[in-house]
Amino acid sequence: MTRRTTGDAPTPAPTAPPADLPPVPFDPELAAALEALGEQPPLTPQAIPAVRAAAAAGALGDEALGCGGEVVWEERAVAGPAGAPEVTVLICRPAAAPADSRLPLVYFMHGGGMVAGSRRHLMSDVLVWTRTLRTVTVSVEYRLAPEHPHPAPLEDCYAGLVWSARHAAELGADPARIITVGTSAGGGLAAGLALWPGTAEIGRATSRERVLHGWRRARWSP
């Protein structure tokens, strides 16, 4: 069997790797963290509903998002990718910040193995930055696998980032100080977003990237 590309010679289909290949080794520095995690059950299609339920149970409620009055928040449905549904974003700001502030903007992508989580998932640490570093935080809700395979999640994240950059002043944020942040699966999305065609056009020096529990890190200061 061959795969054909218009105008090119037939390209042989890739050969499947042997089934008995050893697993990819982890960096020795991860040993302590892996030991603390213990044995993890495999993520199968049958397990996804339970994983999603656990993530939903840990999502922050309305009162927790307010951080005792220190944070004001709202949710908006913004334009999604072409031909796709709207994207919902959660916007959080320091309650004491004046309306005409120009605060750094943290654009957050939640974890969940690409199959679970929401815009309110894993927000506790991010809200610490909102309160202590005085940032505007935008947390994006992206479509999940397996119902929506790649590149749907990345397209949603890009659409939310474009909206955030265009509306930064309205949100009390500085469009020249945007950082994309992701935890776990969101770390992969943050790295992918930094390489996504069009991201650079948002502003040559406006979008910086930071990955949490992901693939790479970039230094940033407000």
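Our structure is the block above this text.
Okay, so let's go over this structure. (Residues numbered from 1 in each chain as written. Predicted model: local features only at pLDDT ≥ 70, side-chain atom pairs only at ≥ 80, totals over all residues. Heavy atoms only, no water.)

1. Regarding the nonpolar core
Part 1 of the reasoning: The biggest cluster of nonpolar side chains holds 28 residues, and the ones touching the most others in it are V89, Y107 and M109.
Part 2 of the reasoning: Broken down by element, this core gets its largest block of residues, 6 residues, from helix 5 (residues 152-166).
Part 3 of the reasoning: When near neighbours in sequence (up to four residues on either side) are disregarded, Y107 contacts V138, V140, D156, C157, G160, L161, S164, I179, T180, V181 and L193.
Part 4 of the reasoning: In terms of nonpolar packing, the next biggest core, distinct from the first, is built from 13 residues, L65, C92, F108 and I179 among them. (Core = buried A, V, L, I, M, F, W, Y, C linked by side-chain atoms within 4.5 Å. Buried < 20%, exposed > 50% of the residue type's maximum accessible area, 1.4 Å probe, protein only. Helix = DSSP H or I, 4+ residues; strand = E, 2+ residues; numbered from the N terminus. Contact = heavy atoms within 4.5 Å.)

2. Observations concerning the environment of L161
Part 1 of the reasoning: Position of L161 relative to the elements: it lies in helix 5.
Part 2 of the reasoning: C-alpha separation for the pair L161 and I179, spaced 18 residues apart in sequence, amounts to 10.0 Å.

3. Considering the side chain of R120
Part 1 of the reasoning: Checked against the element boundaries, R120 lands in the loop between strand 5 (103-109) and helix 4 (124-132).
Part 2 of the reasoning: R120 gets classed as buried once you look at its relative accessible area, which sits at 14%.
Part 3 of the reasoning: At 3.2 Å, the side chain of R120 forms a polar contact with the backbone oxygen of L60.
Part 4 of the reasoning: For R120, the side chain forms a polar contact with the side chain of E75, separated by 3.0 Å. (Polar contact = N/O pair within 3.5 Å; in protein donor to acceptor, adjacent residues only side chain to side chain.)

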